[in-house]
Amino acid sequence: MTTAEGAARPRLLLDTNVWSMLGRIDGGPAFYAAMAEAGVEVVLAPSVLLELARSGNVVASGRDVRAMLAGPRRTLPTEAELACQDVITQVRRLHPGWLRADPDVARWKQLHRYWTVQFWQEARQNWPAVVKQVRALPTADADAVYAVQRENHQVARDAGETSADWYSPAPTSPGWLRELWPPEPGLAAWRSEGHGIFSLALAEAAQGELASGTYRTLADWLVTYLDPSRITDRAWARFWISEIKAADVPHHWLTNTAQRQQVLAKVTSSSPRDAQHASYLVQCDLFLTSDKRFAACLQDMAVSAPFEFAEVAQAPGDASDLIAELKACVGDASANRSSRSA
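Residues numbered from 1 in each chain as written. Predicted model: local features only at pLDDT ≥ 70, side-chain atom pairs only at ≥ 80, totals over all residues. Heavy atoms only, no water.

Visitor: I would appreciate a short explanation of the side chain of aspartate 227 in the present structure.
Guide: Mapped onto the elements of the fold, aspartate 227 is located in the loop between α11 (214-222) and α12 (233-243). When its relative accessible area of 16% is taken as the criterion, aspartate 227 is described as buried. Setting aside residues up to four positions removed in sequence, aspartate 227 forms contacts with Trp98 and Arg100. (Helix = DSSP H or I, 4+ residues; strand = E, 2+ residues; numbered from the N terminus. Buried < 20%, exposed > 50% of the residue type's maximum accessible area, 1.4 Å probe, protein only. Contact = heavy atoms within 4.5 Å.)

Have a look at this one:
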């Protein structure tokens, strides 16, 4: 595959398991050379680096990181930044009165630079220190998602049901929220989950308790532009229930849908982190994973997705000539994407 002169190069994102295969053979330089020859731009997601940091073997993961940093690449923002940027963009379009008169742009730039530049520099310079830092972070949010996924997987298996795509209001919901809720089949899951997650993040931003975890992370991004005191509960609920579309918040939709789609197959402790990787499927054109179940999950999502995202392909799990096999996968995936767009 070659890139036409002046055309943007296809952006390739690899799952953690593929980088691990490359790390085992010290294949980073050869891989980057092959991708340059194929006219592909390699992009790196911080969620992959964080997953490597949580793996059990510091020596092996350090080898994988060296493979990731062995050639020219572009580092992506975190999924939290991308999801919050989507929300802020829609607030600016629909409710500019919710925005701060003087947004903290410097704070946003500081956070962005840390995750796209400094974090990767730290990983190159002192990987064991990064591993120690990451392992000290709380895992309660991922653990909670995993517990819900296991429970939903059991329910789906016992009842022969598919993933829960529609939600009813919680029994404890206030009357005004029930009035906003659509009739059966109910509210699309991504809307209900988005309202719940970002409501908690806004509350965290307003209270300023500096808690850790997902809500604090989202709050750090949201509060740079949004003023929670200007947003009423009713207006915020209406925003999520009826004012925006899935294509307006693609990063949230991808993560939430992947979490629900995963329950139809085997659920493991890594499933929540795989769903984080799914958020980046609109930040790349091709995504390769050696996880057969995860590839199938994402391919199923593409069938009914309300917007287009990356071509997903399964990389070889154990190839005698890994670089050549990956190059062939990239060529096939790029051809498939081109034929879909034709």
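Structure shown, so let's carry the discussion forward.
Visitor: Even after reading the chapter, I still don't get the sheet that holds strand β6 (residues 286-289), so can you show me in this structure?
Guide: Adjacent strands of a sheet form backbone hydrogen bonds with each other and so pair up, either parallel or antiparallel. Spatially, the five strands line up as an open sheet ordered β3-β2-β1-β6-β7, and their pairing is parallel. Both outer strands of the open sheet, β3 (74-75) and β7 (311-314), are each paired with one neighbouring strand and no more. Strand direction decides the pairing type here: β6 and β7, joined by four bridges, are parallel. Each residue of the ladder has a partner; that of leucine 288, found in β7, is alanine 313. (Pairing = 2+ DSSP bridges.)

Visitor: Explain the pattern of salt bridges to me, please; I cannot follow it from the model alone.
Guide: Note that side chains of opposite charge can pair when their charged atoms are close. Under the definition given, this model contains nine salt bridges. Between aspartate 220 and arginine 216 there is a salt bridge; the shortest N-O distance is 2.9 Å. In this pair, aspartate 220 and arginine 216 both sit in helix α11, four residues apart, roughly one turn of the helix. The buried category is assigned to arginine 216, whose relative accessible area is 11%. One salt bridge connects aspartate 227 with arginine 230, and the closest N-O pair in it is separated by 3.4 Å. For arginine 230, a relative accessible area of 40% corresponds to the partly exposed category. Salt bridges here are not isolated pairs; linked through shared partners, they connect Arg93, Lys245 and Asp248. (Salt bridge = Lys/Arg side-chain N within 4 Å of Asp/Glu carboxyl O.)

Visitor: Help me out: how do you make sense of the packing of helix α13 (residues 250-261) against helix α15 (residues 292-304) in this one?
Guide: If you want to describe how two helices pack, look at the angle between their axes and the distance between the axes. Taken N-terminus to C-terminus, the directions of α13 and α15 make an angle of 120°; their axes are 10 Å apart at the nearest point. The pairing of α13 with α15 is recorded here as oblique in orientation. Crossing hand, α13 versus α15: right-handed. Of the residues in α15, those in contact with Trp253, Leu254, Thr257, Ala258 and Gln261 of α13 are Cys297, Asp300 and Met301. Residues of the contact of α13 with α15, tallied by class, amount to five nonpolar, two polar and one charged. (Axes fitted to C-alpha atoms, helices over the stretch in contact; angles between N-to-C directions. Parallel < 35°, antiparallel > 145°, perpendicular 65-115°, else oblique. Left-handed = near helix turned anticlockwise from the far one by under 90°. Nonpolar A, V, L, I, M, F, W, Y, C, P; charged D, E, K, R; others polar.)

Visitor: Just to check I follow, could you spell out the environment of threonine 289 for this structure?
Guide: Within the element layout of this structure, threonine 289 appears in strand β6. Under the relative-accessibility criterion, threonine 289 is labelled buried at 0%. Taking C-alpha positions, threonine 289 is 6.2 Å from valine 18, a pair spaced 271 residues apart along the chain. Those residues within four positions of threonine 289 in sequence are excluded, and the remaining contacts are Asp15, Asn17, Val18, Phe294, Ala295, Ala313, Gln314 and Ala315. Within the structure, threonine 289 has its side chain in polar contact with the side chain of aspartate 15 (distance 2.7 Å). (Polar contact = N/O pair within 3.5 Å; in protein donor to acceptor, adjacent residues only side chain to side chain.)

Visitor: Just to check I follow, could you spell out unusual backbone geometry for this structure?
Guide: Across residues other than glycine, the phi torsion is negative in most instances, and most of the peptide bonds are trans. For the bond from glutamate 184 to proline 185, the omega torsion is 10°, close enough to zero to count as cis. Residue placement: proline 185 occurs in the loop between α9 (175-180) and β5 (187-188). The phi torsion at aspartate 26 lies on the positive side, around 50°, for a residue other than glycine. For aspartate 26, the location among the structural elements is in the loop between α1 (16-24) and α2 (28-38).

These results come straight from atomic positions and should not be treated as a statement about function.
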